[in-house]
Amino acid sequence: MLARVHSAAILGVDAYPVQVEVDVSFGKEAINVVGLPDAAVRESIDRVEAAIRNSGFEFPKQRVTVNLAPADIRKEGPAFDLPIALGMIIATGQVGADGILDEVALTGELSLDGRLRPISGALPMALGSRDAGRRALIVPPANGNEAAVVGDFEVFAAETLYDCVKLLEGDLRDEPVRVSEHQIELDTPPYEADMADVKGQDHVKRALEIAAAGGHNCVMVGPPGSGKTMLARRVPSILPPMTLEEALEVTKLYSVKGLMRPGDALIQTRPFRHPHHTVSSAGLIGGGSFPSPGEVSLAHHGVLFLDELPEFPRNALEVMRQPLEDGEVTIARAQSTLTFPARFQ
């Protein structure tokens, strides 16, 4: 029997739809995962088997083929645990949810007892699932608020694999996740370091206010202990509040990097990034075999502070020329070329 479950995967800072096909047929007991899975996806079978058994369902003792389509793009991470497990349960006839599967996307990492662990990229996955025509997305509880920021779209949080099955059997009649107003309030962002706390230093504050007003870069020179770092940390507090579009862009970047705190809905404050001077070019600009955002992208719509600037490697500073001029950084690798936003001060 064949089951098709919808999910999503991250490419750069955006998500694309992935269809998880599970076929259970007669033959020697074996499980094959195809569709360019990485090691984390291949290892998911062991997690899925334990989660299915510990949730009160039967794991198929037949020939199982799992296909992650489209099959020509590499799939990474543990977010396919939930759709694979649900596909196996449906393909073996233990649950009848065919009528609603085309309307719902699922994502989540499974623990061995069937509970859902948080994943990276929930916000881009919600946006990608909505654009792909899905009606709703089921995510782990820790990612519920983050995904629920997306408008005209329903997000449901399931504590366990068993809860997810019951949610689908009930045709999603439960109440979707709702985000409270203070979690998406952008007019009065909660900055921990505020320029209003600084006494004196009037000439430096005046220079930083001019830089903030015009979006200029700024160099601070002075002896140790004179307050350079202390003042730099407070520059985001005098920048204008982010718009919703800017906040969504920043949140997508932090979500993809797995830097969202559990339960957070939106990045409300402008970012302040301060990498150490030993940072590599890839860490500063972004990179890897499959490129991911670097510090210049994590500082998007915020402040990038390079403390002890002369100590940074020359090649790390040279690669910042294009992001400073264009407001974006393009990373080319043999397998993919991706562009990340990088408009910072």
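One can find the structure itself at the top, above this paragraph.
Residues numbered from 1 in each chain as written. Predicted model: local features only at pLDDT ≥ 70, side-chain atom pairs only at ≥ 80, totals over all residues. Heavy atoms only, no water.

A. Looking closely at the environment of Gln62. By secondary structure assignment, the location of Gln62 is in the loop between α2 (44-54) and β4 (63-69). As a C-alpha pair, Gln62 and Ile31 span 31 residues in sequence and 8.2 Å in three-dimensional space. Look past the residues within four positions of Gln62 in its chain and what remains in contact with it is Val24, Ser25, Phe26, Gly27, Lys28, Glu29 and Ala30. (Helix = DSSP H or I, 4+ residues; strand = E, 2+ residues; numbered from the N terminus. Contact = heavy atoms within 4.5 Å.)

B. Expanded view of the packing of aromatic side chains. Applying the stated criterion across every chain yields a total of two aromatic pairs. Here Phe57 and Tyr162 contribute two aromatic rings whose centre-to-centre distance is 6.3 Å and whose plane-to-plane angle is 35°, an arrangement assigned as tilted. Linking Phe57 in the loop between α2 and β4 with Tyr162 in helix α7 (residues 161-169), this pair joins segments that are 105 residues apart in sequence. Relative accessible area serves as the criterion here: at 13%, Phe57 is assigned to the buried category. The partly exposed category is assigned to Tyr162, whose relative accessible area is 40%. (Phe/Tyr/Trp six-rings, centres within 6.5 Å; stacked < 30°, edge-to-face > 60°. Buried < 20%, exposed > 50% of the residue type's maximum accessible area, 1.4 Å probe, protein only.)

C. Here's a closer look at α2. Taken as a whole, α2 has its buried residues at Ser44, Ile45, Arg47, Val48, Ala50, Ala51 and Ile52. The secondary structure elements touched by the buried residues of α2 are β3 (30-34), α1 (39-42), α3 (81-91), β6 (109-110) and α7. Just downstream of α2 lies Gly56, where phi reads positive at about 95°.

D. Main features of the pattern of salt bridges. Considering all chains together, one arrives at 16 salt bridges under this definition. The salt bridge partner of Arg115 is Asp113, with a shortest N-O separation of 2.8 Å. The partly exposed category is assigned to Arg115, whose relative accessible area is 48%. Taking the relative accessible area as the measure of exposure, Asp113 reaches 36% and is therefore partly exposed. (Salt bridge = Lys/Arg side-chain N within 4 Å of Asp/Glu carboxyl O.)

E. Here's a closer look at helix α5 (residues 122-131). By the criterion of burial, α5 is predominantly enclosed, with eight of the ten residues buried. Looking at α5, one finds that the buried residues are Ala122, Leu123, Pro124, Met125, Ala126, Leu127, Gly128 and Ser129. Buried residues along α5 sit in contact with β1 (2-11), β2 (14-25), β5 (104-106), β8 (136-139), α6 (144-148) and α10 (244-256). Residue Gly133 follows α5 closely and has a positive phi angle near 95°.

F. A look at the pairing of β8. Burial of the side chains of β8 extends over both faces: Ala136 and Ile138 are buried on one face and Leu137 and Val139 on the other. Note: β5 against β8, three bridges, orientation parallel. The partner of Val104 across the bridge, within β8, is Ala136. Pairing analysis gives four bridges linking β8 to strand β9 (residues 154-157), with the strands arranged parallel. Counterpart to Ala136 in the pairing with β9 is Glu154. (Pairing = 2+ DSSP bridges.)

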